[in-house]
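Chain residues, written in single-letter form:
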Amino acid sequence: MSAVETTPVRVPHSAPSLPAAPLPAPRRNPLPHLLALSRPYQWPKNPLAVGLALLTIPVWDAGTLAAIAWSTGLFVLASVAVYVLNDVLDRHRDGLHPVKRHRPLASGRLRVGTALVFLATVCALFVAGVALASPARCWPVLVYLGLNLAYSLRLKHIPLVDAFCVALGFVLRTLQGYTATGQPASGWLLLSVLAVCLLMVFGKRRHELARGNAAHRPALRGYTLAYLDHLTVISATLATVGYLLCIRTDMALHHGTATLVLLTAPCAFFAVFRYLQLLVVGHGGADPVRTLSGDRLLVGSGVLWGALTAVCLAALH
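With the rule as written, the count across this model stands at 3 aromatic pairs. Ring centres of Tyr223 and Tyr227 lie 6.2 Å apart, and the angle between their planes is 25 degrees; on these two criteria the pair is classed as stacked. For Tyr223, a relative accessible area of 4% puts it in the buried group. Overall, the relative accessible area of 31% leaves Tyr227 in the partly exposed class. Taken together, the ring pairs connect Phe202, Tyr223 and Tyr227 into an aromatic cluster. Positioned above the aromatic ring of Tyr41, the side-chain terminus of Arg290 is 4.1 Å from the ring centre.

When the charged atoms of two side chains with opposite charge come close together, those side chains can pair. By the definition in use, this model includes 7 salt bridges. The closest approach of N and O atoms between Arg103 and Asp87, which form a salt bridge, is 3.2 Å. Separated by 16 residues along the polypeptide, Arg103 in the loop between helix H4 (91–94) and helix H5 (112–133) and Asp87 in helix H3 (residues 62–89) bring together distant segments of the chain. Using a relative accessible area of 21% as the deciding quantity, one classes Arg103 as partly exposed. In this structure Asp87 comes out as buried when scored by relative accessible area, which is 3%. Put simply, Arg274 and Asp295 hold a salt bridge, and the shortest N to O gap is 2.6 Å. Pair noted here: Arg274 is in helix H11 (residues 264–280) and Asp295 is in the loop between helix H12 (288–294) and helix H13 (296–316), with a separation of 21 residues, a long-range link. In terms of burial, Arg274 and Asp295 fall into one category: buried. Salt bridges here are not isolated pairs; linked through shared partners, they connect Arg39, Asp87 and Arg103.

Cut-off values and rules
- For every chain, the first residue of the written sequence is number 1, and numbering continues from 1 onward in sequence order.
- The predicted origin of the model limits local features to residues at a pLDDT of at least 70 and limits the giving and counting of side-chain atom pairs to 80 or more, whereas totals for whole chains, interfaces and linings rest on all residues.
- As a rule here, side-chain values cover all heavy atoms of the structure and leave hydrogens and water aside.
- Geometry of aromatic contacts follows a simple scheme: Phe, Tyr and Trp rings, the Trp one being its six-membered ring, pair when their centres are within 6.5 Å, and the pair is stacked under 30 degrees between planes, edge-to-face over 60, tilted otherwise.
- The buried label applies to any residue whose accessible area, calculated with a 1.4 Å probe on protein chains only, is under 20% of its type's maximum; exposed applies above 50%, and partly exposed to all values in between.
- Whether a charge lies above a ring is judged from NZ of Lys or CZ of Arg, which has to be within 6 Å of the ring centre and within 35 degrees of the ring normal.
- Just to be clear on terms, a salt bridge is a Lys or Arg side-chain nitrogen sitting within 4 Å of an Asp or Glu carboxyl oxygen.
- Secondary structure elements are taken from DSSP: a helix is a run of H or I of four residues or more, a strand is a run of E of two residues or more, and numbering for both begins at the N terminus.

Shown next, in the form of structure tokens:
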């Protein structure tokens, strides 16, 4: 026992306690949370994927561009509906993720009932858009919705199947561009789209597995880091070969433009190699959209590719 003892101070029972700090009141306006639920930063991938059909369409006119724009709008609505449904179903599992737990539903800032009303509104707008455009010309986006419904309920928990479901969603976007314009699809372009998307999905799975975030995604039990490294290399190879065959067979439509079109290949190849570098060396890839838009070399190669492609298309048209 120490030489000096302290006598505990007794607080009288009647002494008033200090009031607890009030918790921040949740926002009553749900619009900011609904906008976050819709993930607008993901929307640009819809015009990019749908608009890829223009690369191999020989003749453009106002009707072609209008069909591409309409198809893009339908896919924006469809993807928003998918995001909302996934967040409703996964709100408890997302709460285990260090980043996803901040989403409006997982954090409790937005009520499930409000999200469901918003989902019904988006679906009503989508149905109206399909009816105006003719369902026969919208079958890819309808298949996309069916595929994502199955993905949300079951397929996302099956290793490999989960990755192909996500990648096929982008293939269906490009197919929608061809279907809406009534033009035949380029098989090599669709292969390249599928392979690029698989590269990004496998890269995201690799990042999640490396960070130990397997609790929120049961499908990760079917992957290892070494296996995902093999899958990303295979996907990158298919993407580069598919794109090279596409520009050789489907984009070089007139004499004198083949060499010009081939100049886009180094930009595309550099982008694939840089993405692999960010995955393996930089340990990135958690969010493919932010990885693509946040790296200056990737953005620069994309801008250069876009400029060269625009010159090629201007020469063809």
